[in-house]
Amino acid sequence: MPDYTTIIGLEVHVQLATKSKLFCRCSTQFGAEPNTQTCPVCIGMPGSLPVMNREALNLALKTAVALNCTIPPMTKWDRKQYYYPDLPKGYQISQYDMPMSEHGFLEIADSKDRFETKQVRILRAHLEEDAGKSVHDEVAGRADSMIDLNRTGTPLLEIVSEPDMRSGLEARAYLDELKLLLTYIGVSDCNMQEGSLRVDANVNLHIAASDGKIATPIVEIKNMNSFRAVERAIDYEARRQYDVWQETGAKIGDVPKQTRGWDDNAGVTRGQRSKEESSDYRYFPDPDLVPVKFSEAEVQTARESLGELPAALRSRLQAEHALSVYDSEVLVNQGVDVVAYYLAAVEVAGDGKAVCNWVSQDVLRVLKESEANIADFGISAKSLGEFVGKLKAGDLPSARGREVFDVMLEEGIDVDQAMQKLGIEEIDESELVGICQSLLEKNPKIVEDVKGGKQQAVGALIGQAKKQNPNADPGRVRQICLDLIAQM
Ligand SMILES: [Zn+2]
């Protein structure tokens, strides 16, 4: 089988988190009764005039600078003409030849080293309005089609990458990082189920041939409703294109660009209509909307409003709290609230790694099981910090840490109260030595084994020590026994 490289570019449509639409004051709230959030402007009644929503532009600008894009001093609006039942105006207001931003990048990395860290270039990010939604009801033999125009005119930012990704895995990493970035800077909720984030993938192959490389025709894949689906669809499509190429030998340019839909249940892509060329859209500048000008100061303000971005935050956690790449990724990927919780707990405990272990294992496990947010978590950051601090100082035996954690969580009490409730108190060192001494006297065989080099034999005494005093810390019992034997 000759070598081939999969070439992937992604187009991501992100719904910006504005309360009202891009060119009118209708609500963008999800889930309302169909056609209750429309007005003459967004459904294109003759004589109605669009008025630009400044907030949408601000959010788009914020995103563009976060993606390291260049912001041209001027941008304009264009009409993209096409006929579709859910587009009552007969055109969509978009940005064609002068987008509000271009030439950025987003860095992707993999803590499991499955691909090399790379910058995926962003070709452009431009604003446009959303279309409505066709609802096809084919239940019970009916074939009704209904149109819901609530979504019409909702602000979208279309983020177009260069074809820089080489596997489904890289595409997924790009989407994960992009979503994280967008939620950190608060420009979108990125909810895929509600359509706030939609992905189309352009995929083709570069196949190594004796006389250079052969490119297969580009296919655009649609209808992917999870990042996992994007990854699967791309991997499937690469194999399919290779098979088609072997059968037909078709190269790029031999056939028009094809659009295929992803069927997640069947795990296959299926052919859809062919894609219009941009010349078919008959773009022209919207005569109702004036061009937008960005000043240096506005761009600077947007840049300053970003806060700490995920990549910088990961680096800081590694540098300041000695976390591994993997640990910093786990925390940062949980979102800005979990990171804030973590940092507040570290402030109290003074041990970044120990707090990270409790947050990434126990706290996140509980949140996942209860489908709750960190804001509703039963142990406050300060309380978790005190708990970890006590463990670290040895005031709370590590073997009983989880018990205490569970009681703190269930009863909503702090670490001192939980320890009291469980009857955990620190054992006096001399008491512990006494217990160990008597156990060694009763178990000469174990003493002999340890002296013979089998240190692990001492493990048998730990359970017995705990029977005599449940507060006995296994680590200390073990060490004391070894020390005593060494002196024998
Ligand atoms: Zn409206």
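Please read all numbers here as calculations on a predicted model, not as lab measurements. (Residues numbered from 1 in each chain as written. Predicted model: local features only at pLDDT ≥ 70, side-chain atom pairs only at ≥ 80, totals over all residues. Heavy atoms only, no water.)

**Focus: the environment of Pro155**
Within the secondary structure, Pro155 is located in strand β9 (residues 155–161). Note: C-alpha distance between Pro155 and Glu425 (270 residues apart in sequence) is 60 Å. For Pro155, the contacting residues outside a window of four places in its chain are Val14, Gln15, Leu16, Thr18, Ser20, Lys21, Leu22, Thr28, Ala56 and Glu128. (Helix = DSSP H or I, 4+ residues; strand = E, 2+ residues; numbered from the N terminus. Contact = heavy atoms within 4.5 Å.)

**Examining the domain arrangement of the protein**
In terms of domain boundaries, the protein breaks down into domain 1 (4–297), domain 2 (308–422) and domain 3 (429–487). One C-alpha centre belongs to domain 1, the other to domain 3; they are set 66 Å apart. (Domains from an automatic or database assignment.)

**Details of the pairing of strand β12 (residues 219–224)**
In terms of burial, β12 is largely enclosed, as five of its six residues are buried. With four bridges joining them, strand β10 (residues 197–209) and β12 adopt antiparallel strand pairing. From the neighbouring strand, Ala201 faces β12, where its bridge partner is Ile221. Viewed along the sheet, the connection from β12 through helix α3 (residues 227–248) into strand β13 (residues 258–263) turns out left-handed. (Buried < 20%, exposed > 50% of the residue type's maximum accessible area, 1.4 Å probe, protein only. Pairing = 2+ DSSP bridges. Right-handed = clockwise from strand over helix to strand, strands pointing away.)

**Focus on the environment of Lys442**
Summarising the element assignment, Lys442 is placed in helix α12 (residues 429–442). Under the relative-accessibility criterion, Lys442 is labelled exposed at 60%. Between the C-alpha atoms of Lys442 and Glu177, which are 265 residues apart in sequence, the distance is 60 Å.

**Looking at the sheet that holds strand β3 (residues 78–81)**
Ordered in space as β4-β3-β15, the three strands form an open sheet in which the pairing is antiparallel. Of all the strands in the sheet, the pair left with one neighbour each is β4 (91–94) and β15 (284–285). As judged from the four bridges shared by β3 and β4, these two strands associate in the antiparallel manner. Opposite Gln81, over in β4, you have Tyr91 as the bridge partner.

**Some thoughts on the packing of helix α8 (residues 352–370) against helix α10 (residues 401–411)**
Relative to each other, α8 and α10 sit at 40 degrees, their axes nearing to 12 Å. For the element pair α8 / α10, the angle class is oblique. As α8 packs across α10, the resulting crossing turns out to be right-handed. For the pair α8 and α10, the contacting residues are Trp358, Asp362, Val363, Arg365 and Val366 in the first and Gly401, Arg402, Phe405 and Leu409 in the second. Its residues assigned to classes, the contact of α8 with α10 comprises five nonpolar, one polar and three charged. (Axes fitted to C-alpha atoms, helices over the stretch in contact; angles between N-to-C directions. Parallel < 35°, antiparallel > 145°, perpendicular 65-115°, else oblique. Left-handed = near helix turned anticlockwise from the far one by under 90°. Nonpolar A, V, L, I, M, F, W, Y, C, P; charged D, E, K, R; others polar.)

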